[in-house]
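For reference, the chains in residue letters:
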Amino acid sequence: MIDEKEVLIVGSFKFPKTLSITYILIILYNITFQLQYTAIPYLIKHIGLSETQFGCIQTVSGVLQMIGGLLCGYVIQKFGIRFALFISYGSMCISGIGLFFAFDYQSMLFLQIPSLFMQGVLTHQILLASLTNAGKERTSAFAKMGSTLGIGYFLIPVFSISSTELFGVKAPFLVSSVFSVFLCFLVYRFVEYKKESVENPTHATIKNICYTMKLPGVFSILVKKNGPIVPFQLVMSVLSLYMIQNMHATSTNDQMIQGFIGSYIIISNYFGVIYLAKKFDEQQLLIIGSLSFLIGYILLTFIFHDFWMILLIMPFLSLGMSVVATCSDSLLTTLVDETEQGIVLGTASALNSLFRTFAPLMATNILKSYGFKYIAMIGIIGSAFSIILKLLSPIDESLIIKHKKIDDLDEKKPMAKL
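Rules of the game
Residues numbered from 1 in each chain as written. Predicted model: local features only at pLDDT ≥ 70, side-chain atom pairs only at ≥ 80, totals over all residues. Heavy atoms only, no water. UniProt positions renumbered as here; feature names shortened; annotations may be inferred. Helix = DSSP H or I, 4+ residues; strand = E, 2+ residues; numbered from the N terminus. Buried < 20%, exposed > 50% of the residue type's maximum accessible area, 1.4 Å probe, protein only. Contact = heavy atoms within 4.5 Å. Areas by Shrake-Rupley, 256 points an atom, 1.4 Å probe, with all protein chains shown as cover. Axes fitted to C-alpha atoms, helices over the stretch in contact; angles between N-to-C directions. Parallel < 35°, antiparallel > 145°, perpendicular 65-115°, else oblique. Left-handed = near helix turned anticlockwise from the far one by under 90°. Nonpolar A, V, L, I, M, F, W, Y, C, P; charged D, E, K, R; others polar. Core = buried A, V, L, I, M, F, W, Y, C linked by side-chain atoms within 4.5 Å. Phe/Tyr/Trp six-rings, centres within 6.5 Å; stacked < 30°, edge-to-face > 60°. Patch = residues over 30% accessible without salt bridge, like charges linked within 9 Å, V, L, I, M, F, W, Y side chains within 5 Å. Salt bridge = Lys/Arg side-chain N within 4 Å of Asp/Glu carboxyl O. pLDDT = per-residue confidence, 0-100.

The protein chain is annotated in an unreviewed UniProt entry as Major facilitator superfamily (MFS) profile domain-containing protein from Caenorhabditis angaria. According to the UniProt record, the Subcellular location (unreviewed entry) comment for the protein chain is "Membrane".

(A) A look at the overall build of the protein chain. Regarding its fold elements, the protein chain presents 15 helices and 2 strands. When each of the 418 residues of the protein chain is scored for burial, the buried share is 52%. If you take every contact in the protein chain between residues at least 6 apart in sequence, the share linking residues at least 24 apart comes to 85%. Counting every atom, the protein chain has about 19700 Å² of accessible surface; 68% of that belongs to carbon and sulfur.

(B) Molecular detail of the packing of helix α12 (residues 310–335) against helix α13 (residues 341–369). For the pair α12 and α13, the least separation of the axes is 9 Å and the interaxial angle reads 150°. Judged on the interaxial angle alone, α13 and α12 are roughly antiparallel. The handedness of the crossing between α12 and α13 is right-handed. Along its contact with α12, which presents Asp329, Leu332 and Thr333, the element α13 presents Gln341, Val344, Leu345 and Ala348. Looking at side-chain class alone, the contact of α12 with α13 contains 4 nonpolar, 2 polar and 1 charged residues.

(C) The nonpolar core, seen in detail. Among the nonpolar cores identified, the biggest contains 92 residues, and Tyr89, Leu300, Phe304, Phe372 and Ile375 are the most heavily contacted of them. Here the element with the most residues in this core is helix α9 (residues 218–247); it accounts for 12 residues. With sequence-adjacent residues up to four places away left out, Leu300 is seen in contact with Val235, Ile310, Ile313, Leu317, Phe372 and Ala376. Judged by nonpolar contacts, the second largest core, of 13 residues, contains Ala39, Leu43, Leu99 and Phe173.

(D) Representation of the packing of aromatic side chains in the model. On inspection of all chains with the given rule, the structure shows 13 aromatic pairs. Ring geometry for Tyr242 and Phe304: centres 5.8 Å apart, planes at 45°, overall tilted. In this pair, Tyr242 sits in helix α9 while Phe304 sits in the loop between α11 (282–302) and α12, placing the two residues 62 residues apart along the sequence. Comparing Tyr242 with Phe304 shows no difference in burial state: the two are buried. With 6.0 Å between their ring centres and 55° between their planes, Tyr370 and Tyr374 make a pair best called tilted.

(E) Just a nonpolar patch on the surface, in detail. Side chains of Phe79, Phe83, Ile87 and Phe117 sit close together on the surface and give an oily, nonpolar patch of about 350 Å² of accessible area. As for its position among the elements, Phe83 is in helix α3 (residues 81–100). Residue classification places Phe83 among the partly exposed positions, given a relative accessible area of 37%.

(F) Structural context of the confidence of the model for the protein chain. Across the protein chain, the average pLDDT comes to 79, with 84% of residues at 70 or higher. Mean pLDDT across the elements of the protein chain ranges from a minimum in strand β1 (residues 7–10), with 43, to a maximum in helix α14 (residues 372–392), with 94. Low pLDDT (under 50) marks residues 1–5, which in the prediction has 13 contacts with non-local residues, meaning those over four places away or in another chain. Segment residues 7–15 is flagged for pLDDT under 50; beyond a separation of four residues in sequence, or across chains, it makes 11 contacts in the model.

Here you go:
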């Protein structure tokens, strides 16, 4: 374990070393994962697979990610975060090398198996939870984690485009494998090994998952979180297709939008959430985030008639996504015991994978049958429902305060067993 008193010095700025190393791991993981994710469609085209086959591959990957999210929580509690990091990064390395040599539909299906263990987001969340106290500190840490995704949006094209131009369409997979090895080295070098594991870890069984969901406030937070976020996944799964078909957007336009989205994610997480967290508690922030979602969906429904209008709309959706996802995950870790954090975050991750898997199919059918604005209207309904639920059925503050006091008993909280 790295002593939290140690700091990284960059110019005149000082940063806690444990958190700094964690954020470096998160940034590199995002780049590594996205290098593979964004290159797969081009690989599919390169080896001549159909859209139907691609859809099947995505579905298999999503289902495995969902199952892996449930298993990862238990693995972390049983064997430690360090072990889970090695598994996640090692699986990405195997996936990258395998995809480089993929040549047909069967090999692509087989190579989705490593995605079962590619659970970096969940692992990093639990690592941050072990490093921070419940409440504003943890919310701020989760927000900074979200901002690293925006940094990845800027850096991914650099490695992807340059490697593709120099070595071909499969090159990003080898680059991602190299990054994976480097990530394993960072864990080996900076995350100290601990033989002990958490006593009596909560197993990822249906019974224990149901028990965790029945804990006061947990299921309520999951519903409030997914009310506006599920429609967002529907919107994003067909947004590019809609703009291409109806607004004649080009690939250059799409790359520009990705850059803007990256900027919005950084701003909304690092500045928006962290600034708001100083003035409002988590439950108030959830309402603010859902209101931001609601405004974004209303704009999508009634004024989104030109390509460039997305630049006005996306800040509201980005802020909503950042605030709702960050605060709800922070609250989930606050409402459960340390031995149950892996299960509750794993369940939330599995639900996200489930929605993400079937979102393209659902959104495409709605787009073809009714039109894009009806997808946005689902977002209006979901956001409004979430706001009403938050106002009428808030989480008992005594539950939150109870867990915060437990975490605050030791002001110099050490890192959880890794």
